[in-house]
Amino acid sequence: MPGSGSKDYPCILCKKRTKPNERRNINKSLSNYLKKSFLLTTDSNDVMCNRCRQQYYYKERNRSRQPVTHVQETDSDEDFSPPPKRPTVLGSPPTVSLPISSTSKSHSYCFVCRKPKSKLKVVPSDARFDAFLRQEIIIPAGARCCPDHLVGDKLTPEAMRVVECKNDCVLLNRSTLFELLHKLRTFAIQTEKSRIDFDSDEALTASDFINLTGITKANFTDLYTYIKDLVRNTPARSTKTSLGIYLFKMKSGISNKVLSTVFNITKSSIRRAVSSVRMALMQSFVPQNLGLSHISREQIIRNHTRPLAQTLFGDISNTQAILVLDGTYIYIQKSGNFQFQRRTFSIHKSRPLLKPMIVVSTTGYFITVLGPYFADYKNNDASILKHILHNNIEDIKNWVEENDIFIVDRGFRDSLELLEDLGIKAEMPCFMQKGQKQMTTQDANASRLVTKVRWVVESANGQIKRWKYMDHVLPTNQVPYIGDHVRIICAICNKYFPSLSPGNTDDEALATKMLYLSKQINNLKSRVEDENMEKRRVIWTEPDDCLINFPKLDETDLRNITCCSYQLKLASSYMQEHINGDCEIQVHTENDNLIRVRLQSRHVSSKQYLLWIEHDCVNVVAWYCKCRAGARVVGVCAHIAAVLWYLGYARHHPNVNFGIKNWGDFVQDAQCIPESVDSSDSEQSVVEE
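For clarity, every value in this text was computed on a predicted model and none was experimentally measured.

1. Brief notes about the overall build of the protein
- Along the protein, the regular secondary structure elements total 26 helices and 24 strands.
- When each of the 689 residues of the protein is scored for burial, the buried share is 46%.
- Accessible surface for the protein amounts to roughly 38,100 Å². Of this, 49% is attributable to carbon and sulfur atoms.

Take a look at the structure:
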C-alpha cells in the first residue's frame, strides 16, 4: 500500500481518485495483464479501483469461453454521427487524455455566451465536428447553447469566434476517437473528389456562388430556408447540396450525367434532387413571389410602375395598373406522338416549342406566368389572352379594373375587341397599310411611345433565357415541368434581382418631351418629297471640308436626340464597314447644312437606305430616313443615330472603338476562286523564255 503520507490514490488505469474501500493492490498476475494489454509498468505504490479490477477478473473467468463483446451505445443526437459500429472488448481503456482544447459541458448555461437560459439547444453532431475541423476545439457531447448561435446544423461564425475553451486537454473514449477519425476520413474523401461543396461556408467563394447558381451566397442561404423542412438529407447529398444541384442545372443547362460526375453521386440521385427541390420551391417559394395573388394592383401601381409609363399612357389620377404582356418560347424536342408534334410545331419559328405567357410591370417585375400553351395557329398571342380572360385564370378579372392598360405587340390585335368590352385599354404599335412602304410620321411616333415601354418584357424574356436550361432544347419528358421551372426562375428574379427598368428622376421630363414630339410633323420629310431630293443627283456634291461645320455632340446630346440608348449601341457596328470611305456622304449644293447619306442595311446585302440630316452648325434640327420607321420625330432610327454618332462624336475621339473584330478572316469564302490559266498561253510563255 502507498505510504501514510500520500493523500491521493488514483487508479492506474482510469486515473480516477479512489476511496479507501475501493482501493485494490496490484498483484503479479494483474501487473502482467496491465503490461501486456496497456503497456503499463506498475510498482508497489500503484493501486487499482475495484471497478477496473472486477473487469479484469470477469475477463479471466470467461477466457475459455467466446469473448464477450458489446457495442458502445451513444445517443443519436449526443455524439458524432456514428459510423458502422465496431465491437469493443471489455477491459479496453475507458478514456485517453489528448492535448486538445475543449469547452464546458453544462446543461444549465450556454457554452458560448455563458448565460443561463431556460431554452437551450443541444449542440448537433455536425456543429461539434465543424468546430473541431476548423478551430481544433472539442465540444463535449451533450453541451448546450442558445438557438441564436446555430444556423441549421452549424455554429455561426460569430459564435465560433467568441467560444471559450475551459480545458487544455480532453478525455476521449475509444469509441468516440474511432467515430471522429471516421468522420475526418469521410470528409477528406469528399473534399478530394469534389470541390463543389455547398454545405461548407469556406469551400466556395462569392463569385463561385454566382457562377454556379446565378445568385449570391446570401441569397442562396435565404432560398435554403424555404425548402429545408421540405427536402430531407440523404446519405448521398444534403438539402443544401440538392438546392445547389438544381440551381446549377438551371444556370448551366448541364445534363444529369455530367452533374453526377461533378458531384460524385449517381444520376438517379441527381434526378431525385432536382425533382424534390422543384416541388419544394413550387410549394413554399413561388406562391410568395409570383402570381396575381402574391401582390395587389395597388402595390404594382405604387412600387412597380415607371413614372415614364404613367405619364405616357396613364391619367392624372395615377390609379391605373399598366401591364406588359408577351409570350416567350421554350424549345422542345420533336415528339413521337404525332398529334402532340403537330400542336407544338410553330410555323413562325419552324420548330417545336411551348409558349408561356409572361406578364410583367413596366419596371420588369414578373407579375405572373401563365401556361405553357401549344404553339400552333390556334394558340397565337391573341387566342392565349382570350383563353386567360374567358377562363378567369388566377382570378384575373377581379385583379384588373376598368381603365387599366395592357401594353402588347401586334400579335394581340385579334383580342383588342375583348379588351375593349372589359374596359381595358390596349396600347399596341401601329400597322402599315397594304402597299405602304413606310409608316406615316404620326403612326411612327405613336409606335415609338409603345416600344419605349414595351421593351421591358423582351428584356424579361431574355432574363429567363440567361438560365441556360431554359435556352436549350428540352426533351419531351420534361414537358410537364417546364411551367414549374419558368415560374421558379421568375420568382427568383423577383426576389433577388434588381428591377430591369427602375426609372429615374428624368422620366417625367422625358415622357413630356416625347408626348410633345409625337404631335409634331416631319418637315424635312415633306421637303424631301416635294423637291424630289431622292432622285435628283445634281443637287448633291461630295464635301470638300470633311463637314467641319457639323455640330459636335457629346453623349448627353445624343441621348436627348435618340430618347434612348438602344440605337446608340448599334451605331458603332453600323459605321464599322463605312469608316474606310465606303459611306457615301453628300452635301446639298445650295445649303451646306443639309447632308445626304447612303447607309448599308445590316440585314439585307442588297438594300441600302438614304437618309437626310439638317443642322444649323450648333444643333441637329431635322432628320428623315427612308427605312420603315425613319419618318418619326420622337427619337431617331438606328441609321440616323449611327451617322450622328460618327459625325458629331466618334470622329472627334480617336480612341473610340468601331464595332467588334471581323472574324471573316478565319472563315473560307466559296466565291474566292482563282482565275483559270489557259494551258496554251502557259506553253507559249515557256517557249518564248
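2. Considering helix α15 (residues 381-390)
- Residues Asp 381, Ala 382, Ile 384, Leu 385, Ile 388 and Leu 389 constitute the buried set of α15. Along α15, the residues classed as buried sweep out an arc of 160° about the axis, all on the same side.
- Of the surrounding elements, those touching the buried residues of α15 are β13 (322-327), β16 (351-360), β17 (366-373), α16 (396-399), β18 (405-407) and α17 (416-421).
- Two residues or fewer after α15 comes Asn 392, characterised by a positive phi angle close to 50°.

3. Description of a positive patch on the surface
- Where like charges cluster on the molecular surface, the positive patch consists of Arg 232, Lys 257, Lys 267, Arg 271 and Arg 272.
- When residues in the positive patch are grouped by element, the largest group, 3 residues, is from helix α10 (residues 267-284).
- Within the fold, Lys 267 resides in helix α10.
- Given a relative accessible area of 45%, Lys 267 falls into the partly exposed group.

4. Describing helix α6 (residues 206-213)
- Along α6, the positions that sit buried rather than exposed are Asp 208, Phe 209, Leu 212 and Thr 213. Projection of α6 onto a plane perpendicular to its axis shows the buried side chains occupying an angular sector of 100°, all on one side. Turned more than 90 degrees away from the buried face of α6 sit Ala 206 and Asn 211, all of them exposed.
- Check the buried side of α6 and you find it contacts α7 (217-227) and α8 (239-252).
- Of the residues flanking the end of α6, it is Gly 214, one or two places downstream, whose phi is positive at about 85°.

5. Some words on the environment of Gly 244
- Here Gly 244 lies in helix α8.
- Relative accessible area serves as the criterion here: at 0%, Gly 244 is assigned to the buried category.
- As for Gly 244 and Asp 197, which are separated by 47 residues in sequence, their C-alpha atoms are 8.8 Å apart.
- Ignoring any residue separated from it by four or fewer positions in sequence, one finds Gly 244 in contact with Phe 198 and Phe 220.

6. Points about the pattern of salt bridges
- Counting across every chain of the model gives 15 salt bridges.
- Put simply, Lys 183 and Asp 126 hold a salt bridge, and the shortest N to O gap is 4.0 Å. Here Lys 183 is found in helix α5 (residues 174-193), whereas its partner Asp 126 is found in helix α3 (residues 125-135), with 57 residues between them in sequence.
- Among the residues examined, Lys 183 registers a relative accessible area of 15% and is labelled buried.
- Its salt-bridge partner being Arg 134, residue Asp 130 comes within 2.7 Å of it at the nearest N-O pair. In this pair, Asp 130 and Arg 134 both sit in helix α3, 4 residues apart, roughly one turn of the helix.
- Given the relative accessible area of 9%, Asp 130 is considered buried.
- Three or more residues are tied together by salt bridges with common partners; here these are Asp 326, Asp 409, Arg 454 and Glu 458.

7. Here we look at the nonpolar core
- Ranked by internal contacts, the top residues of the largest apolar core, which has 71 residues, are Leu 223, Leu 247, Phe 263, Phe 285, Phe 366, Val 486 and Ile 492.
- Here the element with the most residues in this core is helix α20 (residues 482-496); it accounts for 9 residues.
- In terms of nonpolar packing, the next biggest core, distinct from the first, is built from 36 residues, Leu 558, Leu 611, Val 620 and Ala 650 among them.

8. Quick word on the packing of α8 against α20
- Across the interface, α8 lies against α20 with an axial gap of 12 Å and an inter-helix angle of 95°. Between α8 and α20, the angle is such that the two are roughly perpendicular. On α20, the residues that touch Tyr 246, Leu 247 and Met 250 of α8 are His 485, Ile 488, Ile 489 and Ile 492.
- Here the residues of the contact of α8 with α20 are counted per class, giving 6 nonpolar, 1 polar and no charged.

9. Some points on the packing of aromatic side chains
- A complete count under the given rule lists 10 aromatic pairs for this structure.
- Between Tyr 226 and Phe 285, the ring centres sit 5.0 Å apart and the planes meet at 80°, which makes this aromatic pair edge-to-face. Taken together, the residues span a long stretch of sequence, with Tyr 226 in helix α7 and Phe 285 in the loop between α10 and α11 (286-289) at a distance of 59 residues. Taken as a pair, Tyr 226 and Phe 285 share a single burial class, namely buried.
- Three or more aromatic residues link up through ring pairs in this structure, and these residues are Phe 198, Phe 209, Phe 220, Phe 248 and Phe 263.
- A cation sits over an aromatic face here: Lys 240 above Tyr 224, 5.2 Å from the ring centre.
- For the cation-ring pair, Arg 410 lies above Phe 431, with the distance from its terminal atom to the ring centre recorded as 5.8 Å.

10. Observations concerning the pairing of strand β24 (residues 620-625)
- With 5 of 6 residues buried, β24 lies mostly within the body of the structure.
- In the sheet, strand β23 (residues 608-615) pairs with β24 via 5 bridges, with the strands oriented antiparallel. Along β24, the bridge assignment pairs His 615 with Val 620.
- The hairpin turn running from β23 into β24, its antiparallel successor, is 4 residues long, and Cys 617 in that turn takes a positive phi close to 75°.

11. Some details on the sheet that holds β24
- Taking strand neighbours across the sheet as the criterion, the 5 strands line up as β20-β21-β22-β23-β24 in an open arrangement whose pairing is antiparallel. The sheet is open, and its two edges are formed by β20 (540-541) and β24, each paired on a single side.
- The sheet strands contacting helix α22 (residues 523-530) are β22 (594-600), β23 and β24, and the helix crosses β24 at an angle near 55°.

Cut-offs applied
Here, residues in each chain are numbered from 1, in the same order as that chain's written sequence. At least 70 in pLDDT is required for a residue's local features to be given in this predicted model, at least 80 for side-chain atom pairs to be given and counted, and no such filter applies to totals for whole chains, interfaces and linings, which use all residues. As a convention, hydrogens and water are excluded, and side-chain values are obtained from all of the structure's heavy atoms. In DSSP terms, a helix is any run of H or I states spanning at least four residues, a strand is any run of E spanning at least two, and both are numbered starting from the N terminus. Note on exposure labels: buried denotes an accessible area under 20% of the residue type's maximum, exposed denotes more than 50%, and partly exposed covers the range between, all computed with a 1.4 Å probe on protein chains only. Residue burial considers only the protein chains on display, and all accessible areas are found by Shrake-Rupley using a 1.4 Å probe. Along the arc lie the directions from the helix axis toward the C-beta atoms. In this analysis, two residues are considered to be in contact whenever any of their non-hydrogen atoms come within 4.5 Å of each other. Note on patches: the residues involved have over 30% relative accessible area and no salt bridge, like charges join within 9 Å, and the nonpolar side chains Val, Leu, Ile, Met, Phe, Trp and Tyr join within 5 Å. Salt bridge, as applied in this entry: a Lys or Arg side-chain nitrogen positioned within 4 Å of an Asp or Glu carboxyl oxygen. Counting rule for charge: Lys and Arg are taken as positive, Asp and Glu as negative, and neither His nor the chain ends is counted. Think of each charge as sitting on NZ of Lys, CZ of Arg, CG of Asp or CD of Glu. Residue types Ala, Val, Leu, Ile, Met, Phe, Trp, Tyr and Cys, when buried and joined through side-chain atoms within 4.5 Å, form a set referred to as a nonpolar core. Axes here mean lines fitted to C-alpha atoms, for a helix over just the part in contact, with angles spanning 0 to 180 degrees between N-to-C directions. Should an angle lie under 35 degrees it is considered roughly parallel, over 145 roughly antiparallel, and from 65 to 115 roughly perpendicular; all remaining angles are considered oblique. Amino acids are sorted into nonpolar (Ala, Val, Leu, Ile, Met, Phe, Trp, Tyr, Cys and Pro), charged (Asp, Glu, Lys and Arg) and polar (every other residue, Gly among them). Stacked, tilted and edge-to-face pairs are distinguished by plane angle, under 30 degrees for stacked and over 60 for edge-to-face with tilted covering the rest, among Phe, Tyr and Trp rings (Trp via its six-membered ring) whose centres lie within 6.5 Å. The rule is short: NZ of Lys or CZ of Arg within 6 Å of the ring centre and within 35 degrees of the ring normal puts a charge over the ring. The pairing criterion is simple: DSSP has to find at least two bridges between the two strands.

Everything listed is a geometric property; what it means functionally is a separate question.
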